[in-house]
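# What the coordinates show
So the chains spell out like this:
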Amino acid sequence: MKHTLFAGLIAVFAGLNAFVAQAQEPLRITVTEGVVEPLPYAAPVFVATSLDAQAQAQQITQVIHDDLTGTGLFRAIQSSAHISTITSFESPVQFADWKAINAQALITGAVDVDGQGRVIVKFRVWDVFSGSQMGEGMQFAAPAGGWRRLAHKVADQVYARLTGEGGYFDSRVVYVSEQGPKDDRKKRLAIMDYDGSNVQYLTNSDSIVLAPRFSPDGRRVLYTSYETGAPRVHVLDVGAVQSRILPTTPGLMSFAPRFSPDGSRIIYSVTNGSNTDIWAMDVASGATRQLTFGPAIETAPSFSPDGSQIVFESDQSGSQQIYIMPAQGGEPTRISFGDGRYGTPVWSPRGDQIAFTKQNKGRFHIGVMRVDGTQERLLTASFLDEGPTWSPNGRVIMFSRETQGAQGASGLYSVDISGRNLKKLRTPDGGSDASWGPLQ
């Protein structure tokens, strides 16, 4: 388990004498691209096993609700409709009472604060109609300031058991925080929880910063800065909040960097006169290599999950389109052929789709397509949508949206890959250029 935010965070199985009952048809929500009827569930406020834990029990339960219902896949049954009450974590579940209110899943839990001030949460997930437990009971613990992470971890486990997919709640997003009018935007790097909470600023607004990108382990961030007057690639240690310039291609403008899946390489764009090509750098040795050649503008590279290929945008065909080539360079293959211009392609963590920005007939869209260019689907449409980034499980895409007019503002939005559940993130200021990090 990574310790990138709260040192000393532990996760252990709780020894709750829990078991998995083999129901004939276990509860499982099936996620498709069609209309999904949210699965009704109940999650009574977790039992506080001490007076010190009462506030945390309320807060943790609320964040779990927010995480699950925020997906659009689940619907919480209001507590006023509950027939049974959960007064003890060890009390038997009265399944008939939960069936009566049509709860298909039930989440029960308890919260305690130990002698060292750590918050401890344990929980179980129940299939109400089969009367069985889904997976084993679990326990997580963290310092007092880490209670939100505990809630996200519980929600990730619930999500995984009900959908069969990995969760994404215990993750962070690095982005460009924006303040001020369009003609005088102040930009600085910021990092936050996936839902917009716990914002922390990583740089000041003295110079322009663009395109932050997480390393695979979430400990470092690549970004482009104009601190020296020309765009240069920087790498920032998130824990220490310290950055340095990478020796990418001395004397030339370097930008749009991204790590390889194993963190050993960096790909980026280099502008030399009127030409822009994609380069790669070995992180350990600093050795660089040019991957594309010719008069076209080639930029916005992104690795496939296995690191064997790169997707990027290029105007070599006369308009901005999406291409794929081997990670070591070679002949590129064009995969976008629809109307309009395509850019900022990003490979899904699952490896099966590529997200992109599309401009057509005066509108901008976030879309997805298969890696061979088939099954293109547009998920959004607005005056300006751009810069998609994938959730760790490949289920949700976050992107930037700018509203029209001189007083227009920037913001971060997310949408399910089916095109449902479009929503704006709550951030203190405007935001753009998001990069969704891994599960912590």
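Scroll up a little and you will see the structure.
In this report, the structure presented in the accompanying data block is examined. (Residues numbered from 1 in each chain as written. Predicted model: local features only at pLDDT ≥ 70, side-chain atom pairs only at ≥ 80, totals over all residues. Heavy atoms only, no water.)

### Remarks on the overall build of the protein
Within the protein, the secondary structure is distributed over 3 helices and 32 strands. A globule of 440 residues ought to have a C-alpha radius of gyration of about 22 Å, and the protein, at 23 Å, matches this closely. With the principal axes as the frame, the protein shows a C-alpha extent of 70 × 45 × 45 Å. Expressed as a percentage of its 440 residues, the buried residues of the protein come to 53%. Counting every atom, the protein has about 18700 Å² of accessible surface; 49% of that belongs to carbon and sulfur. Counting 39 positive and 42 negative side-chain charges, the protein places the centres of these two groups 1 Å from one another. (Helix = DSSP H or I, 4+ residues; strand = E, 2+ residues; numbered from the N terminus. Rg over C-alpha atoms; globule rule 2.2 N^0.38 Å. Buried < 20%, exposed > 50% of the residue type's maximum accessible area, 1.4 Å probe, protein only. Areas by Shrake-Rupley, 256 points an atom, 1.4 Å probe, with all protein chains shown as cover. Lys, Arg positive; Asp, Glu negative; His and termini not counted. Charge placed at Lys NZ, Arg CZ, Asp CG, Glu CD.)

### A short note on the pattern of salt bridges
Applying the stated rule across the entire model yields 18 salt bridges. Arg-401 is the partner of Asp-385 in a salt bridge, and the nearest nitrogen-oxygen pair spans 2.7 Å. Taken as a pair, Asp-385 in strand β28 (residues 385-390) and Arg-401 in strand β29 (residues 396-402) lie far apart in primary sequence, 16 residues in all. Each member of the pair, Asp-385 as well as Arg-401, is classed as buried. One network of salt bridges, with partners in common, ties together Glu-178, Lys-182, Arg-185, Lys-187 and Glu-402. (Salt bridge = Lys/Arg side-chain N within 4 Å of Asp/Glu carboxyl O.)

### A word on the sheet that holds strand β24 (residues 341-347)
Adjacent strands of a sheet form backbone hydrogen bonds with each other and so pair up, either parallel or antiparallel. The strand order across the open sheet built from 4 strands is β24-β25-β26-β27, with neighbouring strands paired in antiparallel fashion. On the outer flanks of this sheet lie β24 and β27 (377-378), each paired with one strand and no other. Looking at chain direction, strand β26 (residues 363-370) and β27 are connected through 2 bridges and run antiparallel. Across the sheet, Val-368 pairs through a bridge with Arg-377, a residue of β27. (Pairing = 2+ DSSP bridges.)

### Some remarks on the packing of aromatic side chains
When we look at a pair of aromatic rings, we describe it by the centre distance and by the angle of the planes. The full count for this structure, using the stated rule, is 14 aromatic pairs. Between Tyr-342 and Phe-356, the ring centres sit 5.3 Å apart and the planes meet at 55°, which makes this aromatic pair tilted. Within this pair, whereas Tyr-342 is found in strand β24, its partner Phe-356 is found in strand β25 (residues 353-360), the two being separated by 14 residues in sequence. Accessibility assignment for this pair places Tyr-342 and Phe-356 in one class, buried. Each residue in the set Tyr-41, Phe-74, Tyr-159, Tyr-168, Phe-169, Tyr-194 and Trp-436 is aromatic and connected to the rest through ring pairs, giving one cluster. Lying across the ring of Tyr-201, Arg-188 places its NZ or CZ 3.5 Å from the centre. Above the ring of Tyr-413, the side-chain terminus of Arg-401 is found at 4.9 Å from the ring centroid. (Phe/Tyr/Trp six-rings, centres within 6.5 Å; stacked < 30°, edge-to-face > 60°. Lys NZ or Arg CZ within 6 Å of the ring centre and 35° of its normal.)

### Looking at unusual backbone geometry
Phi is positive for Asn-198, which is not a glycine, with a value near 55°. Note on placement: Asn-198 falls in the loop between β10 (186-193) and β11 (200-201).

### Some remarks on helix α1 (residues 54-70)
Along an α-helix, a turn takes 3.6 residues, which lines up residues three or four apart on a common side. Between the first and last C-alpha of α1 there are 24 Å, a value that for 17 residues agrees with the 24 Å anticipated at 1.5 Å per step. Regarding α1, the residues found buried are Gln-56, Ala-57, Ile-60, Thr-61, Val-63, Ile-64, His-65, Asp-67, Leu-68 and Gly-70. Once α1 finishes, Gly-72 follows within two positions and takes phi at roughly 80°, a positive value. (Expected span 1.5 Å × (residues − 1).)

### With respect to the environment of Gln-200
Here Gln-200 is to be found in strand β11. Residue classification places Gln-200 among the partly exposed positions, given a relative accessible area of 33%. Considered as a pair, Gln-200 and Leu-189 are 11 residues apart in the sequence and their alpha carbons are 8.7 Å apart. Those residues in contact with Gln-200 that sit more than four places away from it in its chain are Leu-189, Ala-190, Ile-191 and Val-241. (Contact = heavy atoms within 4.5 Å.)

### Let's talk about the pairing of strand β2 (residues 39-42)
On β2, burial covers both faces: Leu-39 and Tyr-41 on one face and Pro-40 and Ala-42 on the other are all buried. Where β2 lies against strand β4 (residues 74-76), 3 bridges are found, and the strand directions are parallel. When the sheet's bridge partners are listed, Pro-40 is paired in β4 with Arg-75. Across 2 bridges, the pairing between β2 and strand β5 (residues 105-113) is parallel. In the sheet register, Ala-42 faces β5, and the bridge partner there is Leu-106.

### Considerations on the pairing of strand β32 (residues 430-439)
Of all 10 residues making up β32, 7 are buried, and the element is well covered by its neighbours. One ladder, built from 6 bridges, connects strand β9 (residues 171-179) with β32; its direction is antiparallel. Among the inter-strand pairings, Ser-177 is bridged to a residue of β32, identified as Gly-431.

### Here's the deal with the sheet that holds strand β15 (residues 242-245)
Read across the open sheet, the 4 strands follow the order β12-β13-β14-β15; overall the sheet is antiparallel. Strand pairing shows two members of the sheet lacking a second neighbour, β12 (209-214) and β15, which therefore form its edges. Direction aside, neighbouring strands of the sheet carry axes that sit 25° apart on average. Note: strand β13 (residues 220-225) against strand β14 (residues 232-237), 6 bridges, orientation antiparallel. Each bridged residue has a counterpart across the sheet, and for Thr-224 the counterpart in β14 is Val-233. (Axes fitted to C-alpha atoms, helices over the stretch in contact; angles between N-to-C directions.)

### With respect to the packing of α1 against helix α3 (residues 147-163)
Between α1 and α3, the shortest axis-to-axis distance is 8 Å and the interhelical angle comes to 45°. When the axis of α1 is compared with that of α3, the two are oblique. When the axes of α1 and α3 are compared, the crossing they make is right-handed. Contacts from Gln-56, Gln-59, Ile-60, Val-63, Ile-64, Asp-67 and Leu-68 of α1 reach α3 at Trp-147, Arg-148, Ala-151, His-152, Val-154, Ala-155, Val-158 and Tyr-159. Class assignment of the residues belonging to the contact of α1 with α3 gives a composition of 10 nonpolar, 3 polar and 2 charged. (Parallel < 35°, antiparallel > 145°, perpendicular 65-115°, else oblique. Left-handed = near helix turned anticlockwise from the far one by under 90°. Nonpolar A, V, L, I, M, F, W, Y, C, P; charged D, E, K, R; others polar.)

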